[in-house]
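Coordinate analysis (summary)
Single-letter residue listing:
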Amino acid sequence: MTNPTSPAAPGQSRGERNFARVQAGMKKRRAAETRFRLYGMIAVGLGLSFLLVLMFSIVSKGYSAFLQTYVRLDVPLLEEVIDPEQTRQLDTLRSADYGALVKQNLRDMFPEVTGRRDKFALYNLVSNGAGFDIRDRVLANPDLIGTTLSIWVAADDDVDMLLKGHIERTGPEADRRIKDNQLAWIDKLNAEGRLEKRFNVAFFSNGDSRDPELSGIRGALMGTIFTLIVTLSLSFPLGVAAAVYLEEFAPKNRWTDLIEVNINNLAAVPSIVFGLLGLAVFINFFELPRSAPLVGGLVLTLMTLPTIIIAGRAALKSVPPSIREAALGIGASPMQAMLYHVLPLALPGMLTGTIIGMAQALGETAPLLMIGMVAFIADVPQGIFDPSTALPVQIYLWADSPERAYVERTSAAIMILLAFLALMNTVAVLLRKRFEQRW
Amino acid sequence: MTQGKSMTVNAFEDTHETKPVKPQSTATVHRDVRETVGEVRVEDPRIRCTDVNVYYGEKHAIKNISLDVGKGEVLAMIGPSGCGKSTFLRCINRMNDTVSSCRVTGEILLDGEDINGRHIDVVPLRARVSMVFQKPNPFPKSIYENVAFGPKIHGLVQSKAELDEIVEASLRKANLWDEVKDRLDDPGLGLSGGQQQRLCIARSIAIEPEVILMDEPCSALDPISTAKVEQLIDELRQNYSICIVTHSMQQAARVSQRTAYFHLGDLIEIGKTDDLFIKPRHQLTEDYITGRFG
């Protein structure tokens, strides 16, 4: 029977007819089910492929930032340059012109370079930080003075880019960052085995810098850690306390309804508005230091609080009322019932909410722009009052910089940010496992 | 009064005892009458309720109920669903305080003292009138912790040894000690349903209350566990007054000395259990216990 609505054939019982109709409809139903499953798989597949593309793009662009080209120099540590009076005073050693030594060394290596412009081009092959590396070695061991120091110093970012293949060797010379004479010197250094790609220590130990080869993530990372410490230590206790009060103790009336609606709205406020608020209140009114992780943490606390409160209330709601009744029924005060029985059961859910909030805070840029954490800060912050920047802001700053070498550093910074996020989530999952109880 | 009525352990055997097929009706009070039939007062009451009314917002859930709970007696409350017996039970230790729309009027005296009085603190009250709930609800902690929680929060013990003693005594009274003595640190939720309910009873007697309220304590249990809990209730009667709400008329007949029949917020009939089940005086009571509705 093909048409399910056709009248029953003679001699067919009602049951047989119904069965035939069900049979006829089955194909359509199965098709619909298959289709539905397919939609789901397509959605998941699309999501996964976007994620893969993203990860591939970031990693393929960024991995090279973990390597940096270094130049081996054999610098004679001339006493007349470093310490002409032979006092070996720390001040003298510290303020000596080690850059001159590097330049002298480069001139000695390429005696044919004479013109002022050519010399300048030659000096540019080595990072400005080379002199400081030599200074550190001398300060650590003043006996080196008078000997020849063989040292690997960072090459200039253009050299680095050339060797990594990001800068063209061919094409009109005027369009190139590396001129023909520099190319010749680089090739000569390379042939002598004086150029080598090594692990980029500076990237993990330095703050930001105008020279890409000297710039590092440490300043931003420490800024982010300090900011998140402030955020966590304020928003978790405040959020949990607010959630517990609203859910367990507050009378249910118009005022608490109003508060609830406003908390929900607050969670949807664009984050830059919190930045404006922080600027107006914390910096202009309370005169807290600009660019400080303290202020950043305060602003992010405001942003994170609604998330924690909402998740906390949901977690408290999901604790079965029988637990509360059990405690109250044998004479526990409401606070005892909450503290001993309800809160421990709700804690895993609250932790999840907190981690979601903290992850948001970790990636937040806009409010930090408003309170000055976008500034160029070369020093690594030592506390919550020092000016600093944060990882996402650092990524934004580097992405905005014209030097080619910042492209890979931007991607590398993103990888650090994601790794930090993964670390936080892992800790959260472990914590939650530890607290989880079944009922 | 047959107080020493034998406990029938098998739940299926005694149906004809409590639901006799009567040749003729003994009820003399018409269905439309809402005044309480029977003796609401006892000598020397533990709890005396007078004109108790409960409102849930606009809804009048309990209407002018007066009744006594005597010392050393089990009072069963029966009636169809939604008749207000649980609501009334929860008035006695003010569990209704947790429901914001709920309002209670009238007088409930515990040992002559009004529990709704202005100076009465609900926390010590609940230490004197503890409650066992329909669904076994042990805390998600160890068996030991479950029983120890009450004495701890009320500051009843000075030392660990004293606490151990109370825990053991309570579990013994609840007929659970022999089953759990080797695994006191295991989670309370690992026990079977019946054991969990006895654990809840142990938990509530650990604070030495005067009255134990039980809200359908056996409705989630199998017949064997039910029999054990019923036996326990009969033993506890020596030391505590017990109010038990139940849907099972057989259970009411087995465990209680007095029975109260509730109908749509009214207390219809109250009396000695045997009298009420054999010679109900109100037609509604008779309808209910003979299975005409409910």
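Summarised in this report is the structure supplied together with it. Not measured: the values here are computed from a predicted model.

Parameters at a glance
Residues numbered from 1 in each chain as written. Chains lettered and ligands numbered in written order. Predicted model: local features only at pLDDT ≥ 70, side-chain atom pairs only at ≥ 80, totals over all residues. Heavy atoms only, no water. Pairing = 2+ DSSP bridges. Helix = DSSP H or I, 4+ residues; strand = E, 2+ residues; numbered from the N terminus. Axes fitted to C-alpha atoms, helices over the stretch in contact; angles between N-to-C directions. Left-handed = near helix turned anticlockwise from the far one by under 90°. Nonpolar A, V, L, I, M, F, W, Y, C, P; charged D, E, K, R; others polar. Buried < 20%, exposed > 50% of the residue type's maximum accessible area, 1.4 Å probe, protein only. Contact = heavy atoms within 4.5 Å. Polar contact = N/O pair within 3.5 Å; in protein donor to acceptor, adjacent residues only side chain to side chain. Buried area = accessible area lost by both parts, 1.4 Å probe. Salt bridge = Lys/Arg side-chain N within 4 Å of Asp/Glu carboxyl O.

A separate point is the sheet that holds strand S1 (residues 45-56) of chain B. Residue and element names in this part refer to chain B. Strand order in this open sheet of 4 strands is S2-S1-S4-S5, and the pairing throughout is antiparallel. Looking at the sheet topology across the chains shown, the edges are occupied by strand S2 (59-70) and strand S5 (113-114). Sheet topology note: the S1/strand S4 (residues 102-110) ladder contains 8 bridges and is antiparallel. Paired with Tyr55 across the strands is Arg103, a residue of S4.

Take the packing of helix H10 (residues 218-249) of chain A against helix H13 (residues 293-317) of chain A next. When two helices pack together, their arrangement is captured by the angle between the axes and the distance separating the axes. Residue and element names in this part refer to chain A. Their axes nearest at 6 Å, the elements H10 and H13 cross at an angle of 35°. Of the two possible hands of crossing, H10 and H13 adopt the one that is right-handed. Here the residues of the contact of H10 with H13 sort into 18 nonpolar, 10 polar and 4 charged.

Position of Thr98 of chain B relative to the elements: it lies in the loop between helix H2 (85-92) and S4. Look at Thr98 of chain B and you get partly exposed, because its relative accessible area is 46%. Those residues in contact with Thr98 of chain B that sit more than four places away from it in its chain are Leu328 of chain A together with Arg90 of chain B. Of note is the side chain of Thr98 of chain B, whose polar atom sits 2.7 Å from the backbone oxygen of Met95 of chain B.

On to unusual backbone geometry. All names here are of chain A. With a phi close to 55°, Glu287 is a non-glycine residue in the positive phi region. If you trace the backbone, Glu287 turns up in the loop between helix H12 (271-285) and H13. Backbone geometry at Ser291 places phi at a positive 65°, although glycine is not the residue there. Topologically, Ser291 is positioned in the loop between H12 and H13.

Attention shifts here to the interface of chain A and chain B. Taken residue by residue, the interface counts 18 residues in chain A and 25 residues in chain B. Note on chain A versus chain B: buried area summed over both sides is about 1800 Å², and carbon and sulfur give 65% of it. For the chain A face of the interface with chain B, the top three residues by lost area are Glu325, Ile330 and His341 of chain A, together amounting to 33%. Where chain A meets chain B, there are 1 salt bridge.

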